[in-house]
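# An overview of the molecular structure
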Amino acid sequence: LEAGPPSAGHTWMRAMKKFEGWAGVTLHDLLVAYRKAKADCFFEKTFPSAAKFANYEADLVGNLELFLDQLKAGGEFSKIEDLLGEYRLIPKKLKTERKHDVENCGHVHFSNSKRNFENIKNSFDVIPDFRVIGDFPVEAHILSALWINFIGHKLDAKLSKACYGARLRRVRPDGDGAGNFHSRSIGSFPPYFQAYQKWRSDGLNAIRRELETDKHVIAVSLDLKSYYHTVDPGAISLPGLLDELGINLDAHEKEFNEQFSVFLKAWSDGAKSFCKSLSVDSEDLRGGLVIGLTASRVISNVIIAKWD
């Protein structure tokens, strides 16, 4: 995993290795992807996966060699047993609807959490809201990091500076360009709060500049409801999307991208079936873009690139 001597340090940042088919993928490529995946999962608090990485490292090289053999045996990783992992439900929020037979008696808050919750239930119907996420094996996280290292960074490079969150780590930005992708960074993304603070401060500064020139300003903040669950993961392989972004993939890169798209679509279909098995009222639920893989953060930005 060493970057090489200082004299070669910038060389490996400039000369990104291309994906030239699974036959050209090496154990070193998987080691680099593993290290990145491990760091990404460490900072991901949605669902814990530290124990899986600890167990995997009991025979790290052996496990990576086995996974590499599976990838080279055709590359149809959507067919690799157990790679899709399991589906989990996690609580998202509690929605409240006032009961029809209860009058509005103003706002009351109890410092005792149990008593406060009982008071809420007396006046409101409490409706829990859950979201389905992926609980993946380590190999799936490695695959996600490989896709980012070979394909995803090219998509991210086409995003404008108006897109702040979940941007990949880069070095030596060149003017208005995105800069060179840091394929061997420990972790794929800078800390979220840094991007959030910059987005907020840039927005407020833009408003101030307009007000100082006596211009009228309308600031709008919005959120796309259940965004991940409404995204078709197959979109990343659509020629129209790649053309819109100005991305040219060769035959090998297209193959990997399409295979990864099929893998994400398989998870989406499985998540929908999982939800239907839990509730008869889940006909309209869709798995969408998986929550649980770092590649989804890149894809979610790309889908709304034109809006940005």
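The structure displayed is predicted, hence computed values, not measured ones.

For the protein, the average pLDDT comes to 84, and 88% of its residues sit at 70 or higher. The least confident element of the protein is helix α1 (residues 9-14), whose mean pLDDT is 41; the most confident is helix α6 (residues 138-157), at 94. In the model, residues 1-15 has pLDDT below 50 throughout and makes 17 contacts with residues more than four positions away in sequence or in other chains.

Tracing the backbone shows L30 in helix α2 (residues 27-43). Sequence separation between L30 and L68 is 38 residues; the distance between their C-alpha atoms is 7.7 Å. Not counting residues within four places of it along the chain, the set of residues in contact with L30 comprises V25, L64, F67, L68, I142 and L146.

Time to look at the nonpolar core. Within the largest apolar cluster, 60 residues are counted, with the highest numbers of intra-cluster contacts made by F77, L143, W147, F256, F260 and F263. Counting residues per element, the ones that place at least two in this core are α2, α3 (50-56), α4 (60-72), α6, α9 (239-245), α10 (251-278) and α11 (295-303). Tallying contributions element by element places α6 first for this core, with 11 residues. Residues in contact with W147, not counting those within four places in the same chain, are G152, L155, I236, F256, N257, F260, A295, V298 and I299.

The residue S261 is located in helix α10 in this model. Among the residues examined, S261 registers a relative accessible area of 5% and is labelled buried. Here S261 is in contact with P233, G234, I236 and S237, once residues within four sequence places are set aside.

Attention shifts here to α6. Given a rise of 1.5 Å per residue, 20 residues ought to cover 28 Å, and the 27 Å separating the end C-alpha atoms of α6 matches this to within 8%. The principal kink in α6, of about 55°, is found at I151.

On to a positive patch on the surface, then. Side chains of K92, K93, K95 and K225 sit close together on the surface and give a patch of like positive charge. With respect to the helices, strands and loops of the structure, K225 is situated in the loop between α7 (192-212) and α8 (227-230).

The rules behind each value
Residues numbered from 1 in each chain as written. Predicted model: local features only at pLDDT ≥ 70, side-chain atom pairs only at ≥ 80, totals over all residues. Heavy atoms only, no water. pLDDT = per-residue confidence, 0-100. Helix = DSSP H or I, 4+ residues; strand = E, 2+ residues; numbered from the N terminus. Contact = heavy atoms within 4.5 Å. Core = buried A, V, L, I, M, F, W, Y, C linked by side-chain atoms within 4.5 Å. Buried < 20%, exposed > 50% of the residue type's maximum accessible area, 1.4 Å probe, protein only. Expected span 1.5 Å × (residues − 1). Bend = angle between axes of the 7 residues up to and from the residue. Patch = residues over 30% accessible without salt bridge, like charges linked within 9 Å, V, L, I, M, F, W, Y side chains within 5 Å. Areas by Shrake-Rupley, 256 points an atom, 1.4 Å probe, with all protein chains shown as cover. Salt bridge = Lys/Arg side-chain N within 4 Å of Asp/Glu carboxyl O. Lys, Arg positive; Asp, Glu negative; His and termini not counted. Charge placed at Lys NZ, Arg CZ, Asp CG, Glu CD.

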